[in-house]
Amino acid sequence: MKVEFLGGFQTVTGSATLLEKDSLLWLVDCGMFQGGRAIEERNRNVHPYHPRELSFILLTHAHIDHSGLIPKLVKEGFRGKVICTKATFDLCEVMLKDSGHIQEIEAEWQSRKNKRSGREDTAPLYTAEDAEKSLRYFQTVGYDEILSLSDGVKIRFQDAGHILGSALIEIWVEEGGQEKKLVFSGDLGGSGQPIIRDPSPVVEADILWLESTYGDRLHKSREETVQELLKIILEAISHQAKVVIPAFAVERTQNLIYTISQLIRKDLIPSIPVYIDSPLAISATEIFKENPDCFDEETKGLLLGGEDPLELPEIKYTRTTEESKAINEDPRSGIIISASGMCDSGRVQHHLKHHLWRSESHIVFIGYQAEGTVGRRIVDGAETIRLFGEEIAVRAHVHTLGGFSAHADQKGLLEWLSHFRNPNLQIFVNHGEEKISMELSEIIHQKLKFEAAVPQWREKRFLFTPEKRVMPEEKIEAAESPEERFSYLLKNLDRGYKKLRRKLRMRRSKRGGISDAEWLKELEEVNKKLEELESELE
Ligand SMILES: [Zn+2]
Ligand SMILES: [Zn+2]
């Protein structure tokens, strides 16, 4: 059996893993790369095979960095099944169409630019219509249900506790007359997230793909974070001011509605207007309400008791731009939850224009702010921000709240990992910036004694056959100048050295010593070569 690491490796976006067993070829996730031109170029030519050859795409959850290239694959001939939970399908229906729409707008903008410089038009990756068409290849599966994909391949989706409908995927395959088990963590939530259930513990696995978004970090507790939010809201009410919260449309927005409704229910704050100002967030909230079987016991209990934790006495959904603009004409204090989460586009920019310069207003960041975004500049203390061609002074109170994250932190990841029983479990750490994935793999090794590796983008490996790896040639070819090639080789050497040390340490602790003379001889030769190089450079 073979694997190719196509995305989500050494980056958080573009999640995709290609698996091949006999003549069966399938993907786990099919995400879009996001975050800058160079990496987004990968979206145009990411798959080293024809989509028609693929039999399945197993989809962990609806986020675009996991699902975003499905319409492109269907457009290029994929005719298999996309398998996911029902809630993931419901969310994909709005999110993929929204993504197609964004692709169209961006291609249009690029084409206008091309025209001025005499170049050809840019075609969108896919359109909203392509996205709509791709939906007919989806097939839903219930949590805990075992599904047979073909002879010798079975799968099961379990709770991942990340967003509504999110799943970790277990795959059983028959290899050489034996049953082996692969597990994909997908994006993993921390325990105690509101609304949805916690990640299911998994005990058995031979190989695990583990996400590492926050593998180097510890989040503040949810309780502390709620207290901070409470203080901010009370302060805003006492000054008749507004609280602007840039938030992602799915999960984070619903998490906020749930939290605010909890504060009102406990009489900690009076009822105030809460504006949900993002059409995608409004649709996502409706989808949450249509999927109560994904809720945790606490939320189900509230519903049974006649309370809707996704309702508020003065919640206002603003679909049109006119409604959105009217929000700031209301003189009362209120909370505005608006997209995009990193303030780079969308309606939230209008609210920032209205409130950044007011010293009584509050801007609350609850999610990751990537470098180069408007959100990051505000968080980093910029004195002014340019919006709609105008320099706006930043005088509002700016807060960052850490405890609303939809990803487990380092402690959460290690806790979830501690359930695995197989001492020979092999872990591939993915979905993280390279430094963070490396750090997490080191910690996993130290604390849990599992072998953990950070694969490279487009690296191929044979599974269940030790030491057979094919390194990505593209990467070496891509480094054209001697300068680039030099730094690539150095980096690779560094990585190889670290891996080797880890493996040697594993061997020592497991088998009590190094006895392979061949190995030693090779190592000595490499060492000699390095010494030669060193003296040459001096
Ligand atoms: Zn996600
Ligand atoms: Zn993700």
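Refer to the structure above for everything that follows.
The sections below set out a description of the structure shown in this document.

Quick notes on the rules
- Residues numbered from 1 in each chain as written.
- Chains lettered and ligands numbered in written order.
- Predicted model: local features only at pLDDT ≥ 70, side-chain atom pairs only at ≥ 80, totals over all residues.
- Heavy atoms only, no water.
- Phe/Tyr/Trp six-rings, centres within 6.5 Å; stacked < 30°, edge-to-face > 60°.
- Helix = DSSP H or I, 4+ residues; strand = E, 2+ residues; numbered from the N terminus.
- Buried < 20%, exposed > 50% of the residue type's maximum accessible area, 1.4 Å probe, protein only.
- Polar contact = N/O pair within 3.5 Å; in protein donor to acceptor, adjacent residues only side chain to side chain.
- Contact = heavy atoms within 4.5 Å.
- Patch = residues over 30% accessible without salt bridge, like charges linked within 9 Å, V, L, I, M, F, W, Y side chains within 5 Å.
- Areas by Shrake-Rupley, 256 points an atom, 1.4 Å probe, with all protein chains shown as cover.
- Salt bridge = Lys/Arg side-chain N within 4 Å of Asp/Glu carboxyl O.
- Pairing = 2+ DSSP bridges.

Here the focus is the packing of aromatic side chains. What the rule picks out here adds up to six aromatic pairs. With a centroid separation of 5.0 Å and an interplanar angle of 75°, the aromatic rings of Phe 5 and Phe 428 are classed as edge-to-face. Taken as a pair, Phe 5 in strand E1 (residues 2–7) and Phe 428 in strand E20 (residues 426–430) lie far apart in primary sequence, 423 residues in all. For Phe 5, a relative accessible area of 0% translates into the label buried.

Moving on: the side chain of Asp 277. Among the secondary structure elements, Asp 277 is positioned in strand E13 (residues 274–277). The class of Asp 277 is buried, set by a relative accessible area of 0%. Side chain to side chain, Asp 277 and Arg 347 meet in a polar contact 2.7 Å long. If near-sequence neighbours (up to four positions away) are discounted, Asp 277 is found in contact with Thr 318, Ser 324, Ile 327, Ile 337, Ser 338, Ala 339, Arg 347 and His 351.

Okay, a nonpolar patch on the surface next. A cluster of nonpolar side chains, Phe 486, Leu 490, Leu 493, Val 526, Leu 530, Leu 533 and Leu 537, forms an exposed patch at the surface whose accessible area comes to about 680 Å². Counting residues per element, the ones that place at least two in the nonpolar patch are helix H16 (482–511) and helix H17 (517–537). Here the nonpolar patch takes four residues from H17, the largest share from any one element. Looking at the secondary structure, you find Leu 533 in helix H17.

Counted by the stated rule, this structure contains 24 salt bridges. One salt bridge in this structure joins Glu 311 and Lys 289, with 2.6 Å as the shortest N-O distance. Linking Glu 311 in the loop between helix H9 (297–304) and strand E14 (315–317) with Lys 289 in helix H8 (residues 279–290), this pair joins segments that are 22 residues apart in sequence. Between Glu 314 and Arg 332 there is a salt bridge, with the nearest N and O atoms lying 3.4 Å from each other. Here Glu 314, found in the loop between H9 and E14, pairs with Arg 332, found in the loop between helix H10 (321–326) and strand E15 (334–338); they are 18 residues apart in sequence, far enough to count as distant. According to the relative accessible area criterion, Glu 314 is partly exposed, its value standing at 22%. Arg 332 sits in the partly exposed class, given a relative accessible area of 39%.

So, on to the pairing of strand E18 (residues 390–393). Sheet faces and side chains relate simply in a regular strand, where the side chains alternate between the two faces. Bridging between strand E17 (residues 384–387) and E18 involves four bridges; their strand directions are antiparallel. Bridging across to E18, Arg 386 finds its partner in Glu 391. Hairpin geometry of E17 and E18 is characterised by an intervening segment of two residues between the two adjacent antiparallel strands and by a positive phi of about 50° at Phe 388.

Remember, this is a structural readout, not a statement about activity or role.
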